[in-house]
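Structure at a glance
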Amino acid sequence: MIELIRNFFEANRVIILFVYGQVFLLLGLIITMQPWRHSRLALARSLKWLAAFGFLHGFHEWGDVFIPLQAQYLAAPFVELLWGLQVILLAASFACLFQFGVETLRPLPDRLLFVRYLPGLAMAFWIFMAFGPTITLTTNAAEWYTVNNILARYGMGFVGALVAAYGLRRQAQQLIAPLEMPHIWQTLRVVGLTLFGYGILGGLIVPQADFFPASWLNNSMIEAATLIPVPVYRSILGLILIVATLRALEVFRLELDRQLGDMEEAQMLAAERERIGRELHDGTLQTIYAAGLLLKTSEKELATERCPDESLNRIRQIIGMLDEAVAEIRGYIGALRRPSSADSSSLAARLRELTAARHLRSLVDIELRLDLPAHRPISPARVAHLLAIANEALSNVARHARASHVWVSAVTVAGQLRLKIQDDGQGLPSDYVNGYGLRNMRDRARILGGEMHLDTSGQGTTVTIQIP
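These notes cover the structure that comes with them. (Residues numbered from 1 in each chain as written. Predicted model: local features only at pLDDT ≥ 70, side-chain atom pairs only at ≥ 80, totals over all residues. Heavy atoms only, no water.)

1. Regarding the pattern of salt bridges
- Tallied over the full model, the rule gives 3 salt bridges.
- A salt bridge links E103 to R106; the shortest N-O distance between them is 3.0 Å.
- By relative accessible area, which is 10% here, E103 ends up buried.
- Residues R350 and E353 are paired through a salt bridge, measuring 3.5 Å at the closest nitrogen-oxygen approach. Here R350 and its partner E353 are both found in helix α13 (residues 347-355), 3 residues apart, which amounts to about one turn of the helix.
- For R350, a relative accessible area of 11% translates into the label buried. (Salt bridge = Lys/Arg side-chain N within 4 Å of Asp/Glu carboxyl O. Buried < 20%, exposed > 50% of the residue type's maximum accessible area, 1.4 Å probe, protein only. Helix = DSSP H or I, 4+ residues; strand = E, 2+ residues; numbered from the N terminus.)

In structure tokens, the structure reads:
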């Protein structure tokens, strides 16, 4: 059985090495394709080094597949040159891994700023050893290749993987955990543990050599003890690293979604300010201006004691116009209200406050129904959007619907929050066009991950918002 397992792995050695190289090339490709370049997270600045490690390491491993094939057609000096390029790729890949680890430690205190230059110094020292002392100490190209392969793994691979593992753990605790993304925090820890494992298998488990510890802890010893070649273990760790990295990089997609949501919200606020400014100018301001003209006319008539009854009627008309203008201004002020990010009030409390406003109660009867679980609070940002939607809907009822009764409900149904505002007014005309208010309500519902429905089939109008 043991001999059968050994023969199996020996017969499939080329496939194993090809898969090993492909795993790390895929790691570099996945990182490169993620939307991290414009991220504000510190982790994004270091990912280019991890991607470079994946590409360079993958090409190095593929050298074990393609160089023996080329050796059948090329002269010995050219084959030795290819082996030399391959070991340089290995050292460069580990230098990138080391640099990735150092970058995850930033910002560094002033006394430790020199740490940023350690990967470059380590690579420079390896180049000095590879093209200096080891050339004179080795007897042939194969021995030179083996010695410098081991030096790259000990000096940069092992140390770089450990630094990267620690740096990712530090990033997860200090920067990702406060974002309240526990699955990404846990996944980053898995990435760190995987890099630690690769530091052992890729940095300490080296080709066999005559000096310690390569003479004791090496690829041949592991394969003899477990019957499984070391590249198989490294490939498995590489696959775990790919899956964990792919899940961890979801943080950049979530960050991008939040940035897009902030941009949409900023556009909506700008449109809302423009609408309110225009309506104040074209509606409320004109009403106040007209009231002022009537007051001046009445003042002149009363001064000359002409037409007192007509002047009294005008004054009453002015009072009504001013009351209407005050109500409109109060409505606009209510529309501009936004709970701050530090506001801990629940949606239920804010809806009670909104529907209890005197300027609304004086116009229509409002009935409020709430069924919201207290153990599942809603974030202040989502409460702000829901309140803005409810306020806009109630303002529309007060200004346009000519309703006598409004029903407001906020309930949870099958994991969804449903906010409904229904009135018994005259409804919308068949040829109505979406204005700023309705468009903003729909946009807010979309930002919340839900949708808004407008129903005018029965008496009055029903606005329903359903979100996760």
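2. Some points on the environment of A172
- Its location among the elements puts A172 in helix α7 (residues 141-176).
- For A172, a relative accessible area of 0% gives the class buried.
- Each C-alpha atom, one on A172 and one on T187, is 9.0 Å from the other, the two residues being 15 residues apart in sequence.
- Leaving out residues up to four positions away in the same chain, A172 has contacts with A177, W185, L188 and R189. (Contact = heavy atoms within 4.5 Å.)

3. Digging into α7
- At R153, α7 is deflected by roughly 35°, the largest bend along its length.
- Its side-chain oxygen 3.2 Å from the backbone nitrogen of A142, N140 forms the N-cap of α7. (Bend = angle between axes of the 7 residues up to and from the residue. Polar contact = N/O pair within 3.5 Å; in protein donor to acceptor, adjacent residues only side chain to side chain.)

4. Concerning the packing of aromatic side chains
- In this structure the tally under the stated criterion is 11 aromatic pairs.
- Judged by centre distance (5.3 Å) and plane angle (70°), the rings of F8 and F9 are edge-to-face.
- For F9, a relative accessible area of 15% translates into the label buried.
- Look at F24 and Y198: their rings are 5.4 Å apart centre to centre, the planes differ by 55°, and that puts the pair in the tilted class. Residue F24 is located in helix α2 (residues 13-33), and its partner Y198 is located in helix α8 (residues 182-204); the two are separated by 174 residues in the primary sequence. For the pair shown, F24 and Y198 are each scored as buried.
- Here a set of aromatic residues connected by ring pairs shows up, and it is made of Y20, F24, F53, F94 and Y198. (Phe/Tyr/Trp six-rings, centres within 6.5 Å; stacked < 30°, edge-to-face > 60°.)

5. Quick look at the side chain of R234
- Mapped onto the fold, R234 is located in helix α10 (residues 230-248).
- Buried charge R234 goes without a salt bridge, the closest partner of opposite sign being E61 at 5.0 Å.
- Those residues within four positions of R234 in sequence are excluded, and the remaining contacts are Y20, F24, R153, Y198, L201, G202, I205 and N219. (Lys, Arg positive; Asp, Glu negative; His and termini not counted.)

6. A word on the side chain of T194
- Along the polypeptide, T194 turns up in helix α8.
- Those residues within four positions of T194 in sequence are excluded, and the remaining contacts are L237, I240 and L241.

7. A short note on the pairing of strand β5 (residues 462-467)
- Within β5, 5 of the 6 residues are buried, which leaves it mostly tucked inside the rest of the structure.
- As paired strands, strand β3 (residues 416-423) and β5 are joined by 6 bridges and run antiparallel to one another. Across the sheet, K420 pairs through a bridge with T464, a residue of β5.
- Bridge count between strand β4 (residues 451-455) and β5: 5 bridges; the pairing is antiparallel. (Pairing = 2+ DSSP bridges.)

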